[in-house]
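Listed below are the residues making up each chain.
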Amino acid sequence: MADETETSPQKMVEMPRAVHELRTGKGPGNVIVPGTIITDAIAKKHKLDDETMLALIATGAVNVAEVLTV
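Model, not experiment: these values are computed from the prediction.

Visitor: Looking at this structure, how should I read the environment of Val-31?
Guide: Its place among the elements puts Val-31 in strand S3 (residues 31–32). Placed ten residues apart in sequence, Val-31 and Glu-21 show a C-alpha to C-alpha distance of 6.8 Å. Setting aside chain neighbours within four positions, we find Val-31 in contact with Glu-21, Leu-22, Arg-23, Thr-24 and His-46.

Here it is in structure tokens:
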């Protein structure tokens, strides 16, 4: 059994989160559902660059959430 006193280093980071459904293309796989934390991998898959993310935040389609990382 693992020692419960050992913990991995955790920290809070700010990450973008979809507020609304985001359609990034015509296909069924080109949707980001509300509540999704938009990681670098998701942003790359959906071709969301920094400028686009800032525009989505400005319009309220995406907000910034604090996320606990390990």
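Visitor: Explain a negative patch on the surface to me, please; I cannot follow it from the model alone.
Guide: Among the surface-exposed residues, Asp-40, Asp-49, Asp-50 and Glu-51 lie close enough to one another that they form a single negatively charged patch. Position of Asp-40 relative to the elements: it lies in helix H1 (residues 40–45). The exposed category is assigned to Asp-40, whose relative accessible area is 69%.

Visitor: Help me out: how do you make sense of the pattern of salt bridges in this one?
Guide: A side chain of one charge can pair with a side chain of the opposite charge if their charged atoms are brought near each other. Under the criterion given, the structure shown has one salt bridge. Where Arg-23 meets Glu-21, a salt bridge forms, and the shortest distance between an N and an O atom there is 3.4 Å. Judged by relative accessible area, which is 45%, Glu-21 ranks as partly exposed.

Visitor: Can you walk me through the layout of surface pockets in this structure?
Guide: In this approach a probe as big as a water molecule rolls over the atoms, and the regions it shows empty are the leftover space. In this structure, the largest pocket encloses a volume near 160 Å³. Pro-16, Asp-40, Ala-43, Asp-50 and Met-53 are the residues nearest the centre of the largest pocket, which is lined by 13 residues in total. Looking at the lining of the largest pocket, the elements with two or more residues in it are strand S1 (11–18), H1 and helix H2 (50–59). When residues in the lining of the largest pocket are grouped by element, the largest group, four residues, is from H2. Residues of the lining of the largest pocket, tallied by class, amount to eight nonpolar, one polar and four charged.

Rules used throughout
Residues numbered from 1 in each chain as written. Predicted model: local features only at pLDDT ≥ 70, side-chain atom pairs only at ≥ 80, totals over all residues. Heavy atoms only, no water. Helix = DSSP H or I, 4+ residues; strand = E, 2+ residues; numbered from the N terminus. Contact = heavy atoms within 4.5 Å. Patch = residues over 30% accessible without salt bridge, like charges linked within 9 Å, V, L, I, M, F, W, Y side chains within 5 Å. Areas by Shrake-Rupley, 256 points an atom, 1.4 Å probe, with all protein chains shown as cover. Salt bridge = Lys/Arg side-chain N within 4 Å of Asp/Glu carboxyl O. Lys, Arg positive; Asp, Glu negative; His and termini not counted. Charge placed at Lys NZ, Arg CZ, Asp CG, Glu CD. Buried < 20%, exposed > 50% of the residue type's maximum accessible area, 1.4 Å probe, protein only. 1 Å grid on protein atoms, 1.4 Å probe; cavity = no way out; pocket = protein on both sides within 12 Å on 5 of 7 lines; lining within 4 Å. Points joined across faces, edges and corners; volume = space filled by probe spheres on them. Nonpolar A, V, L, I, M, F, W, Y, C, P; charged D, E, K, R; others polar.

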